[in-house]
Each structure stands twice: as structure tokens, then as C-alpha cells.
Amino acid sequence: MTDVSQAPSDPFDQRLVSEFEEGLLQAEALLDAAPIGFTVYDLEHRIVDVNPMTAEMNGVPREEQRGRRLAELRPDLAAQVDPLIDTWLREGVPVTNAPLRVASPDGNEEWHWLTSVFPIKISSGEIIGVGATRVDVTAQMETELALRLIVRATDVVNTAEDPGVVMDGLARIAIPEFADGCAIALLEDDVLRRVALAHADPETETLLYRLPADLATWRQIEPVAGAVQSGQPQLTPRPARDGRPLPRSAAQVASDLQVVSTITAPLLIDGVVGGTVTYLRTQHSGRRFSTRDLVLVSELTARIAAALAGQRLRAQAERASARVELLARVGELIATELDVHERAQAFARAFVPDFADRCAVVLYEENATVARVIAVATREGIVDPPVALYDVTGDLPMHQAVKQRWPQRWTADKLQEFFKSLPENKDYVDWMNLRSVILVPLLARNEPLGGIALVSYADSNTHALDDALALEIGRRVGASLEHAVRFETERATAEVLQRSLLPTSLPSRFGLHIAARYVPGSDHARVGGDWYDAVELSDGRIVIAIGDVVGHGPPAAAAMARLRAGLHVAVLDSDRPGELLGRLNRYLLTDSDATMATALLAVHDPSSGRLVFANAGHPPPIVVRAGGKVEIIELPAGIPIGAVDSVSYGEVDADLGDGDLLVLYTDGLVERRGESLDVGLERLCTAAAAEAGDPDVLLDSLLELVLPDTGAADDIALLAIKRVIPAPGLALALDATPETLASLRQDLRDWLTNIGAHGREADEMIVAVNEAAANAIEHAYERVGERFWVEGYVSNDEAVIQVRDAGRWRPPQEVEDRGRGFDLMRGLVDALDVRATNDGTEVTLRRRLQRARERDLASI
Amino acid sequence: MAGTGPRESSEEPYAAASFDVADVNTNEPCLFVHGEIDVSTSPAMREQLQRLIDGGAQRLAIDFRDMSFIDSSGLGVLVGILRRLRERGGSDLVVRELQEAPRRVFEITGLDRLFTIEN
């Protein structure tokens, strides 16, 4: 210590000086060298002396400090220290390790010191001065901060799952203790894409978001370029003034934020620079980064890079499994039984959302001259495709893909440019938000079939689809759709053929009610085999047939037509079902192309009710008795026709009573995969019992058994015959007086009810017959005691009523009402026949019954 | 034709028609018809309506809610009455509450356009 005798203008308390001198002389060497600062103040805040350390810390030479107050030398320090001293002086409690924060002389750094204040006493205990120590803990503070941030970073990575949340968290950890703002960006395809952004002030953060998310011009930003190219963090005290000018928007933001200092560090992911992290300090804190901060930045950057590497691995694994899944899904769909539209929709859906935000399937038509979008899938599901047909020109991206037989990738700019020139397509896709479009050609047997368009938007995270995978899928989807298109065409043809070959109308016989149904199967491979027919014999009997030709498609339909023709010819010579089957068998065998068929024949006599059956491999018929009981007619199985020569078919007798129903069917009605035939038969019998009565109603309810169940795979043919013994005829003799008309009307109504005519139908017929009867009564006015007759019967669902009198017929013009009467009659019947002679008049009225009209309608 | 020969028709005649009149002394009296109108009962209907015209009615209403049957003779009565009404300077014969079956008869003969039908 130097000479203390250089006394200040106001002498210190001498005792202080001597105490100081004496006490401290011993420690001089220690104090001189100590890294701790010592200061001695008098009770009026004047510096008595300082050690070299303190001199350095205060930034003022030792000699100049003596006798001066700290407030004169370092007001910033005094502002913090003086109150401490005063507190001590007032309260008497020593201050230990109070923190001091002070800016470095060049203003670039902030230092952290700890100070302790304690009394200097003399032996009497009187306090004569204040001592203060000071120690620099800046380095320690920084280390502690670094540790804290690192722990925080580890926490974020370990606790958050969502990659976006992790990145956001990592951007925030250093705010506000270390930086005012942070931005993390990834470098992909030479574009810097922002991943996370944070700032201490929310409003400023909003401002930062104005920076473009994708920066292709990152090379123009010196710190970023420097970091990426050198692999080293770049410290820029004044970014706006160093190096080349920033791109306009970045410069604008920098000046808006008053960026003071930045550090940009490269993110090394898997050994390659994969992105950057930028920390910035703005006027908000006012400090600048120093080279010492680079160490902490390296640490944090390493943590962020590790997190990103982990995410990338996970994303790769996800993408790989998504690819496998996509292939599997596509494979599944190929094997499914769907029509073209449903298949296309399913394929479109397979790509969304893993590989595209929107997927459209396009098929060519008219010999590949126009293209139609047939299915569109979005994240919300299937949407209606646009109705327009597109010309197949060279320009549309899809057609280029098809021409070159290779997937085409168009970037957003290229597409926007292209579609701006096609106003009609403008609104179809959200052009402004596109990231990429991939067009995959659909090739079927190396012919162009159409294509698939996969659209990804800017803010989505769809996986990339590599060319090889895209092409492979294009081939598979193409083959599958082509197959479906071809099949639909074939199937439509076969169905038309089938329907045109089946009988369009069935015999309508007095006492017989016949109904038939044919439903093609959903299993396209098996359309075309089933057949049925009903042929009238000259004596009123009827031959009924049902069968199933082996095979499918047009060949089976043709075989079925031949069988029908064969049956019509065979019945000219024979009326025995066994013989008829024999003939059909030989007939089929004569044709080498012909296939086999099952067949069941029945010959029925409606007047007696007799049934004779013969069977060639067909499922057994069932009879629903009038009371509701159901019987399965046991028949010998018989060999299908067209299989073997010289087979004979046995015959079995049965009968149909009044109101009984015979039901014939093909195996599509009763066969279900995984079930024995007996179970199906039982189900059929139960359903038939429940709905006995009208043949049409019964057949419809039998179909309902099977059809809702995902549709029958097989064709179904059904035939039902109900025997109805005809109602008795009407025969009345009445007195030719007006009073009898009322009872005639009542008797008529009873008879009509008996034959199944009710309600309006009956009312109308009664009016008509009443008119004829009124005429007859009038003809008889000349003679008393005359009678007239009313007779009626039903034949072929037609009611025939005759009114006969023996009087003299008078022409309608003679009585005005008569004309009206005739109009009325004619308007209410189908046919009016008047035979008038001098011996009497016969009026015959015919009307087809409503039940028959309804049946005709149902069979359309 | 099955059957054992002509059968005698039922003994009791059903036809009966009865009538009553409402609003007799107003300028639109109404005749209520009950039962069936055929050749045996239409003369009685004519008589009732004629009486109303003779009583000076210019406009007639006939209520058929309880009439279940009408034949051409009944229609003839209505047409004749309308003509007579008009000859006397009267205006209209209004048909009320025509039931479904009789309505059919009006329609076939076109008389639904001749009469005003109120239901």
C-alpha cells in the first residue's frame, strides 16, 4: 500500500488511518494479490483506500479513488452499494453477498458481482469505518444459466411427444435469460424452412411470424450463410451493418425489432448441416452477445440437433411403414369385389392423409380422347368429383405422366402458372396453398387408362412418395380398375341377355295364379345360369320348369335359351316329365359345346290338382298348403341333364289343393357359404309359412330373406304357382219389376265378394249390371209376370255377366235416360256386347278383375 | 257355368228411399235423400224436387250424404229438374256431399260438370 500520508483535504479520523495502516500492513501482500476486492469507507461514504482488484473493478486508478465518494466515480455502482451501506449503518445488520449488476466498460457485457459490507471497529467497539468486499461471479452465473438451460432442454425433449411442441419448447428455453428471441429452421432441398419461433414479447413474436416460412434466398443472409457453410456459429454484434444487405423483408423485420445482436449456429444432424438456430437480442434487453456466449449456444444447438435427429428417424420409420401400409391397402382393394366407382373411391382414399391431402382418380373414355375424374378423396372423406370432361391433350400434367409412363412432379409455382391459363379449372384446387402435386399414370396392359393425382398443401405433413413406389402402385391400381371396367361391361351384357331370354309373361289360367322372379347375382362370375319356364298343354294342363345351367356369362345364357326352346318342342310329343327330361338330356348331349344343367319339371292339372315331378339334380320343391303348413317334396336327386347318355328319370306324384302354393327355386336362394343346404331349406320353409297367400307377395318376401344380406352371390330364380278352385257361377231369375233391382244388387255384391272383387271394383260392376237389368225390366213392361235372368262366371280373371230378357228391345233414342244408361255401362266394363232380337235381348258385360291388373303391373 | 239352375232372388226388397226437406221457406231449400235411387225410387225423388220448384224456389240443393246408389234414371231426374228450374228463371241445382261410388257415376256421364257439386 502506498503512502497514506498523502492526506485528503479533510483529514480522516486519525485513528482510522492508523488502525487501517497497522492492521492492514500485515495483510498487504495478501490484499495486493487477492482476487477479491476490498474497500474501506469512512462513515461518510468516502473511500479511504482500495486494493488493486477493486481499483480494476471500479475502472479508476487507485490513487484517484482515495478521498472520493463512489458516487462521484461510479454512479452506477454507488446506486447499488450506497443503499447497502446505509442499511447496515441504520439497522446494524451486516450485509453478506448482495448481488451487484454492472455493465462492462464497453457496454457489451453484463457482470455479476457479490458484495459484503461489514463494520470496522476499534478495540473500544466503536465503529469507525465500513469495509466492503466484492467478488466477481459472472463466470459462475453464466455456468449456472447454461446448466439450467441444458436441463430445461432435456426436459422438453423428454416430456413432449409432438414434434411441433418439442421444437417450440426448445426455441423458448433460452428466453428471456439468455436471448430475447430464437428461431429454429431446417434446410430441405436448399430451402430454409422455419420450424419454431419465439420471442420474449408476444407482440414482437407476431411480428417475427411475418418473416417468410420458406426462405430460398437464405444465402443472402450473411450469418446464416456463414453458419451453414462453415459449420461454425456466427456472432454478429450489429447484423444490419455488417456484411451484405439482408433481403428486404428480413431487413425490415430486423429494423422493426431493433435487433442488436445475433448468434446463428448450424444444426448438425447426422453429421450434415441440416438447419440453423438463431438467437437474437433486441433493444428489449439492449445487451449484445459476446464470444463467451458461443459456448452456451453450442451446447443448446447440440441438444436441438439431437432432438431433430431423433424426430427425423421417427419420421423415416413412419414413412417406411406408411409405404408398406399403402401397398398392403392397395393390394387388399384389388382383391375386393367392388364396381368401378367404388374401387376408384377406395383407391383414392388409400392415399389420404399419409401421402396426399387430396387424391383424384381419373379415367380415360372414348378411346382415350377424354378424361373424366371418377373419384376424389380429401381429408374430410370422399367428395363429388367435378362434372367436366377434360380433353386429352398433351399439355395437362396428367397426360404428360401417361405419355411418358412415369410419375410427374409439379411444384406449386409451375402448377399455378399453368392453371392460371385454364380458367375453368381455377377453383378446383386451392392453388395458392399448394406444396406439390404428383401425377401417377395408370397403365393397364401398357395401354393408357388414366391417372392418379396426389395433391399436398403447404402446411401439411404428408410423406413423400418416391417414383418407383408411385409407378408400381399405378400399375396395380390400373390393372384393377381396368378389370372392373371390363367386367361391368360384360356383366351388363350378360344381364340383358339373360332377361331377354326368360319368359316375359306367364300363362294366366283359370284357376291358376303364377308368379316368377329373377335376380342376377352380385358375384359377377356367375351371372347367366338360371332359367325357368311354363308351357300350356292343349288339354289345359301346364308344364312348369326350373333349372340352373353350369357356367356363366353369355355362353350360359345361350344354353338356357336352347333349353327353353327344347322344352317347348318336347312338350308337343310328351306330357310326362320324366320323358321330357330324357329328351332335354339327349338334346344337350348332341351339342358338343353345351354344358350341363340341373332341371326340375312338373306337370300340373289345375282341374284335378294333380302334380307329377321329375328331377335332374335340382333342389326339392316346396308346397305351402292353404292352412300354412309347408312341405318339402322328396324327389330322387337325379343326374343333371347334359352329363351322361341314356339316363332315365323317375316320376313322383303329388297334388295341389284349393289355395295351395307350389314354390320352385334355384340354389342361390338357399345356399350360403359355410352353411349346409338343410339350414337354408329350413329358413326357406319358415319364411314361406309366414307369407302364404298371394304368390307375388310370397316371392318378394322370400327374396327379402336373402338379398339384404350383402346381396346374393349367386343368381336366384323363383317360381310360384297357386291353385285356386274357381268360385261358383252366378245364376239369378228375377221378376221384371223395378223393385227387384235392390235385391239383385245385393246378390251381385255377395257373388263379387266370393270371386274376390271388392270395393270400388264391385261398386262399378253393380252399377253396370243394374243398368242392364233396368233395361231388361223396361223391355218387359208390355207383359206382366215376365222374368229376366242374370248369370255370371269368372274365367281367366275376367268376370263375365250376362243379363237376359225375353221382352222387346227398344232402341236407346226413344228414352232419353237410356242413352245415359248405355254410356254408364260402357264406361264401367271392359267389353259390352248387346244382342237384341224380337225374342229378347242378351247383354254381356266383361271386366278384367283388379287382382289380375295388379299382377300384370307387378310383373313389369 | 257351374250351378244348379236359376235361383230365386231374395224375398225382401232392399230398395227404399226416403226424403226430407230443410229450409223449405228460404230461397235455397235442400232435399235430403236417404237410401238408393234406382228405377223404383227415382220417381219419388222427382216428385219431391218438383214440389220445391212449385213452391217458388229459384235455387235447389240436394244432399246425398246418405245416398249410396244412383243409376241413370236418377241422373235423368236431376237433369230434368235442372231444366225445369231454369225454365222458371231459377239458377242452379247444387249437389252436396256426393259419396264416392255415386260420384263415379256422375263422372262417367259427364254430369259432374253440369251440376255444382259441393263436398
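This structure is a prediction, so every number in the text was calculated from the model and none was measured.

### Considering the overall build of chain A
Here is step 1 of the chain: Of the regular secondary structure elements, chain A holds 23 helices and 33 strands.
Here is step 2 of the chain: For chain A, the proportion of its 860 residues judged to be buried stands at 38%.
Here is step 3 of the chain: Considering only intrachain contacts with a sequence separation of at least 6, the fraction spanning at least 24 residues in chain A is 61%.

### A few points about the sheet that holds strand 8 (residues 214-215) of chain A
Residues and elements named next belong to chain A.
Here is step 1 of the chain: The antiparallel open sheet is built from six strands, whose spatial order is 8-7-6-11-10-9. A single partner strand is all that each edge strand has here, and the edge strands are strand 8 and strand 9 (234-236).
Here is step 2 of the chain: The pairing of strand 6 (residues 181-188) with strand 7 (residues 191-199) spans eight bridges and is antiparallel. Within strand 7, the residue paired with A185 across the bridge is R194.
Here is step 3 of the chain: In the packing of helix 9 (residues 222-230) onto the sheet, the strands contacted are strand 6, strand 9, strand 10 (259-269) and strand 11 (272-282), and the crossing angle to strand 10 comes to about 25°.

### Quick notes on the environment of D357(A)
All names here are of chain A.
Here is step 1 of the chain: Structurally, D357 is set in the loop between helix 12 (340-351) and strand 12 (358-365).
Here is step 2 of the chain: Among the residues examined, D357 registers 24 C-beta atoms within 10 Å and is labelled buried.
Here is step 3 of the chain: On a C-alpha basis, the gap between D357 and L454 in space is 7.5 Å, while along the polypeptide they are 97 residues apart.
Here is step 4 of the chain: With residues near it in sequence (within four places) discarded, D357 still touches V352, T378, R379, V455, S456, Y457, S460 and T462.

### What about the environment of V376(A)?
Residues and elements named next belong to chain A.
Here is step 1 of the chain: Looking at the element boundaries, V376 is found in strand 13 (residues 370-378).
Here is step 2 of the chain: Its 24 C-beta neighbours within 10 Å are what place V376 among the buried residues.
Here is step 3 of the chain: Each C-alpha atom of the pair V376 and A360 lies 4.3 Å from the other, and the pair is 16 residues apart in sequence.
Here is step 4 of the chain: Not counting chain neighbours up to four residues away, the residues in contact with V376 comprise A348, A360, I382, V383 and P385.

### Re the confidence of the model for chain B
Here is step 1 of the chain: Averaged over chain B, the pLDDT score is 85; the fraction of residues at 70 or greater is 87%.
Here is step 2 of the chain: Interface confidence for the predicted complex, given as ipTM, is 0.87, next to a pTM of 0.40.

### Some points on the packing of helix 20 (residues 741-754) of chain A against helix 21 (residues 759-779) of chain A
All names here are of chain A.
Here is step 1 of the chain: At their nearest, the axes of helix 20 and helix 21 sit 10 Å apart, and the two run at 140° to each other. The angle between helix 20 and helix 21 falls in the class oblique. In the crossing of helix 20 with helix 21, the sense of the turn from one axis to the other is right-handed. Counting all contacts with helix 20, which are made through L741, L744, R745, L748, R749 and L752, the residues of helix 21 involved are A762, M765, I766, V769, N770, A773 and A774.
Here is step 2 of the chain: For the contact of helix 20 with helix 21, the per-class residue count stands at 10 nonpolar, one polar and two charged.

### What to know about the pairing of strand 28 (residues 716-723) of chain A
Residue and element names in this part refer to chain A.
Here is step 1 of the chain: In terms of burial, strand 28 is a largely internal element, eight of the eight residues being buried.
Here is step 2 of the chain: Neither face of strand 28 is left uncovered, since the one carrying I716, L718, A720 and K722 and the one carrying A717, L719, I721 and R723 both have all their residues buried.
Here is step 3 of the chain: Where strand 19 (residues 512-519) and strand 28 come together, eight bridges link them in antiparallel fashion. In the strand pairing of strand 28, V519 is matched with I716.
Here is step 4 of the chain: Where strand 27 (residues 661-665) lies against strand 28, five bridges are found, and the strand directions are antiparallel. Residue pairing in the sheet places Y665 in a bridge with L718 of strand 28.

### Examining the sheet that holds strand 3 (residues 95-103) of chain A
In a beta sheet, neighbouring strands are held together by backbone hydrogen bonds and run either parallel or antiparallel to one another.
Residues and elements named next belong to chain A.
Here is step 1 of the chain: If you trace the five strands from one edge of the open sheet to the other, you get 2-1-5-4-3, paired in antiparallel fashion. Of all the strands in the sheet, the pair left with one neighbour each is strand 2 (47-50) and strand 3. Strand-to-strand twist in this sheet, taken as the mean axis angle between neighbours without regard to direction, amounts to 25°.
Here is step 2 of the chain: Pairing geometry for strand 1 (residues 37-41) and strand 5 (residues 127-136), over five bridges, is antiparallel. Residue F38 lies in a different strand from strand 5, and its bridge partner there is T133.
Here is step 3 of the chain: Where helix 5 (residues 75-91) meets the sheet, it contacts strand 1, strand 3, strand 4 (110-121) and strand 5, and its direction lies at approximately 165° from that of strand 3.

### Describing the nonpolar core
Residues and elements named next belong to chain A.
Here is step 1 of the chain: One finds M765, A768, V769, A772, A773 and V790 to be the most contacted residues of the largest nonpolar core, which totals 63 residues.
Here is step 2 of the chain: The element best represented in this core is helix 21, accounting for 11 residues.
Here is step 3 of the chain: If we skip the residues at most four places from it in the chain, A772 touches V803, M825, V843 and L845.
Here is step 4 of the chain: Counting residues in hydrophobic clusters, the runner-up holds 62 residues, among them A616, A688, L698 and I721.

### Things to note about helix 12 of chain A
All names here are of chain A.
Here is step 1 of the chain: The end-to-end C-alpha separation of helix 12 is 17 Å, in line with the 16 Å expected for 12 residues at 1.5 Å each.
Here is step 2 of the chain: In terms of burial, helix 12 is largely enclosed, as nine of its 12 residues are buried.
Here is step 3 of the chain: Looking only at helix 12, the buried set comprises V340, R343, A344, Q345, A346, F347, A348, A350 and F351.

### Concerning the packing of helix 1 (residues 42-54) of chain B against helix 2 (residues 72-87) of chain B
Residue and element names in this part refer to chain B.
Here is step 1 of the chain: It is at 9 Å that the axes of helix 1 and helix 2 come closest, and there the two elements cross at 15°. Considering the angle they form, helix 1 stands roughly parallel to helix 2. The crossing of helix 1 and helix 2 is right-handed. Contact residues: helix 1 offers S42, M45, R46, L49 and I53, while helix 2 offers S73, G74, V77, I81, R84 and L85.
Here is step 2 of the chain: Class assignment of the residues belonging to the contact of helix 1 with helix 2 gives a composition of six nonpolar, three polar and two charged.

Thresholds applied
Residues numbered from 1 in each chain as written. Chains lettered and ligands numbered in written order. Predicted model: local features only at pLDDT ≥ 70, side-chain atom pairs only at ≥ 80, totals over all residues. Helix = DSSP H or I, 4+ residues; strand = E, 2+ residues; numbered from the N terminus. Buried ≥ 20, exposed ≤ 12 C-beta atoms within 10 Å, placed from the backbone. Contact = placed C-beta atoms within 7 Å. Pairing = 2+ DSSP bridges. Axes fitted to C-alpha atoms, helices over the stretch in contact; angles between N-to-C directions. pLDDT = per-residue confidence, 0-100. Parallel < 35°, antiparallel > 145°, perpendicular 65-115°, else oblique. Left-handed = near helix turned anticlockwise from the far one by under 90°. Nonpolar A, V, L, I, M, F, W, Y, C, P; charged D, E, K, R; others polar. Core = buried A, V, L, I, M, F, W, Y, C linked by C-beta atoms within 7 Å. Expected span 1.5 Å × (residues − 1).

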